[in-house]
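Examining the three-dimensional arrangement
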Amino acid sequence: MEIPYRAFDNQTDLYAYLDEQLAAVLRETEDWLAGLANAASVLYLLLPQLNWAGFYLMKDGALSLGPFQGKPAVSRILPGSGVCGTAVQTGQTQVVRNVHACENHIACDLNSRAEIVVPLEADGRLFGVMDIDSPVLARFDDGDRQGLERAARRISAWLADKM
Ligand code: SME
C-alpha cells in the first residue's frame, strides 16, 4: 500500500492528513498487530524529524514493546518508570523537550533529544502508549500534542474491540 508523503506548512493540515492516513490503514484490517504495525509506519513516514515511532502495550501489568519504526528499544517498562511508564501512571500525555534533562528517561537511541508519549485509552481501558522520539530539541509543541492525542483516540477506538 502506498502512503503518499506530503509536506505541509501548517500543523492543522498535517495532522488532518495523518488522521486520514491512519484511518485508511486501520480500516482495512481487523488484526490489532497488523493495524498497529501500519500505524507505526504511517506516523514515522508522515511526521518530519523523527527517529522512533511506535507502541508499547500493557501486558501482565507492564508495558511490552509493540510494533515500531526505528532502532531496537527496551522491551519491558514498568508503570512509573521512564517517560512511557509515567504516561501510564498519570494517564496524561508526556511531552519532554530535552530527554537529557529528564531524570526519569530511559534511553534507547542516543540520538533522541525530544519525546512525546500519549496513553492509548478507550472505554476506561488502557491499552498502552504511543511513543514518538525526535533527534531535534523541543520538537513537540502543543499543536503536536493535540494532533497526536487525536491520532491516539482514533487508534484506541479502533483497538477497543480487537484486544
Ligand atoms: N524513552 C522511553 C523508552 C522507550 S524509547 O524511547 C523507544 C521512556 O523513557 O520511557
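The structure we're discussing is the one just above.
Below, the structure is looked at part by part. (Residues numbered from 1 in each chain as written. Predicted model: local features only at pLDDT ≥ 70, side-chain atom pairs only at ≥ 80, totals over all residues. Heavy atoms only, no water.)

Remarks on helix H3 (residues 82-90)
Owing to its 3.6 residues per turn, the α-helix brings residues three or four apart onto one side. Applied cut-off: Partly exposed describes any residue whose relative accessible area lies between the buried limit of under 20% and the exposed limit of over 50%, with all areas from a 1.4 Å probe on protein chains only and scaled to the type maximum. Helical segments are the DSSP runs of H or I of at least four residues, strand segments are the runs of E of at least two, and each set is numbered from the N terminus. Contacts between residues were defined by any pair of non-hydrogen atoms, one from each residue, lying within 4.5 Å.
When you tally the buried positions in H3, you get seven out of nine residues, the bulk of the element. The elements touched by buried residues of H3 are strand S1 (52-59), strand S2 (62-70), strand S3 (76-77), strand S4 (94-96), strand S5 (114-122) and strand S6 (125-134). Of the residues flanking the end of H3, it is Gly91, one or two places downstream, whose phi is positive at about 70°.

Some remarks on the packing of helix H1 (residues 11-27) against helix H2 (residues 32-46)
As a reminder of what qualifies: Lines fitted to C-alpha atoms define the axes, with helix axes restricted to the stretch in contact, and inter-axis angles between N-to-C directions lie between 0 and 180 degrees. By the definition adopted for this analysis, an angle is roughly parallel if under 35 degrees, roughly antiparallel if over 145, roughly perpendicular if from 65 to 115, and oblique otherwise. Handedness of a crossing follows from how the near helix is turned relative to the far one, being left-handed for an anticlockwise turn of less than a right angle and right-handed for a clockwise one. Residue classes follow a fixed rule: Ala, Val, Leu, Ile, Met, Phe, Trp, Tyr, Cys and Pro count as nonpolar, while Asp, Glu, Lys and Arg count as charged, and any other residue, Gly among them, counts as polar.
It is the contact of H1 with H2, at a shortest axis distance of 9 Å, that shows an interaxial angle of 155°. It follows from the interaxial angle that H1 and H2 lie roughly antiparallel. Note on packing geometry: the crossing formed by H1 with H2 is right-handed. Taken together, the residues of H2 that come into contact with H1 (itself represented by Leu14, Tyr17, Leu18, Gln21, Leu22, Val25 and Leu26) are Gly35, Asn38, Ala39, Val42, Leu43 and Leu46. Of the residues in the contact of H1 with H2, the class split is ten nonpolar, three polar and no charged.

A few points about H1
Formally: Helix span, expected: 1.5 Å multiplied by one less than the number of residues in the helix. The definition of a polar contact used here is a pair of N or O atoms within 3.5 Å, where within protein one atom must be able to donate a hydrogen and the other to accept one, and adjacent residues in sequence count solely through side-chain atom pairs.
Here H1 contains 17 residues, and its C-alpha end-to-end distance of 24 Å stays within 8% of the 24 Å for a straight helix at 1.5 Å per residue. Those residues of H1 not exposed but buried are Leu14, Tyr15, Tyr17, Leu18, Asp19, Gln21, Leu22, Ala23, Val25 and Leu26. Close packing links the buried residues of H1 with H2 and helix H4 (142-159). In this structure Asn10 caps H1, since a side-chain oxygen of it lies 3.1 Å from the backbone nitrogen of Thr12.

None of this, on its own, says anything about what the molecule does.
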